[in-house]
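Each chain is listed here by its residues.
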Amino acid sequence: MNTKDKILQTALKLFNEKGYNNVTTRDIAAEMKISAGNLHYHFKHSEDLIIHFFTDLKLNMDHLLENLKNIPKKDLSDLYNYTQSSCEILYTFRFIFLNFVDILRKIPAIESQYAQLNIIRVEEFQSIFKDFQEYRIFKENIPDFILESLVTQIFIIGDNWITFNSLTLKLNKEESIKHYSIIFLNLFYPFLTDEQQKLYELNYIKN
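Residues numbered from 1 in each chain as written. Predicted model: local features only at pLDDT ≥ 70, side-chain atom pairs only at ≥ 80, totals over all residues. Heavy atoms only, no water.

A. Inspection of the overall build of the chain at higher detail. In terms of helices and strands, the chain carries 11 helices and 0 strands. When the helices and strands of the chain are placed in sequence order, the string is α-α-α-α-α-α-α-α-α-α-α. For the chain, the proportion of its 207 residues judged to be buried stands at 43%. Counted over contacts in the chain with a minimum sequence separation of 6, partners at least 24 positions apart contribute 70%. As presented, the chain carries roughly 11700 Å² of accessible surface, and 52% of it is formed by carbon and sulfur atoms. For the chain, the distance from the average position of its 23 positive side-chain charges to the average position of its 27 negative side-chain charges is 6 Å. (Helix = DSSP H or I, 4+ residues; strand = E, 2+ residues; numbered from the N terminus. Buried < 20%, exposed > 50% of the residue type's maximum accessible area, 1.4 Å probe, protein only. Contact = heavy atoms within 4.5 Å. Areas by Shrake-Rupley, 256 points an atom, 1.4 Å probe, with all protein chains shown as cover. Lys, Arg positive; Asp, Glu negative; His and termini not counted. Charge placed at Lys NZ, Arg CZ, Asp CG, Glu CD.)

B. Molecular detail of helix α10 (residues 173-186). Helix length check: α10, at 14 residues, gives a terminal C-alpha distance of 20 Å against a target of 20 Å (1.5 Å per residue), a fit within 8%. Turning to α10, its buried residues number three or more, namely S176, I177, Y180, S181, I182, F184 and L185. Capping the start of α10, N172 holds a side-chain oxygen 3.3 Å from the backbone nitrogen of E174, two or three residues further along. (Expected span 1.5 Å × (residues − 1). Polar contact = N/O pair within 3.5 Å; in protein donor to acceptor, adjacent residues only side chain to side chain.)

C. Molecular detail of unusual backbone geometry. Positive phi, normally seen in glycine, also occurs at R136, with a value near 60°. Its location among the elements puts R136 in the loop between α8 (108-134) and α9 (144-167). With a relative accessible area of 56%, R136 lands in the exposed category. The residue K170 is not glycine, and still its phi comes out positive at about 55°. Mapped onto the elements of the fold, K170 is located in the loop between α9 and α10.

Shown next as structure tokens:
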């Protein structure tokens, strides 16, 4: 592993453990036992590291969503796999969500990316919802305004479940991903056809 990758690995670990506001580039260099100058050769400011991690997060989520879009005939398991994989990715970069407002306020480049991402995701999710209607996973006659609200709900839960967990249940990685994947998936239950709701209850709801 080269120095740049080691810096990223160490920085992500420290940000996740201590929070964005409590870690400086000097802290990262000290943890690695390298000089601050060596670290600054690769990343001049902590903001540069945050931008890198946010971009990496976005690319991972883009790839995941693209895979879901490209599945020829989607079913409930595809939706579950997407929600679980999403939670795993978000947990990897959990410090971003635990410090989300501060990061957006302090780093305009990320705030701009996030605003654009919201617009793009609305179109992408609506396309996926249409596929689920076509394959009779979702009900046919769902008003557009409800589907638009569903996208917003996805964002709200996606952006905040890690903070919620840290304040309430405090589940570990494995438990939190399992628990909140189902919470996430439950969003879709009212939109499933009767047949799909029965399958959902059988396969995903604890008895």
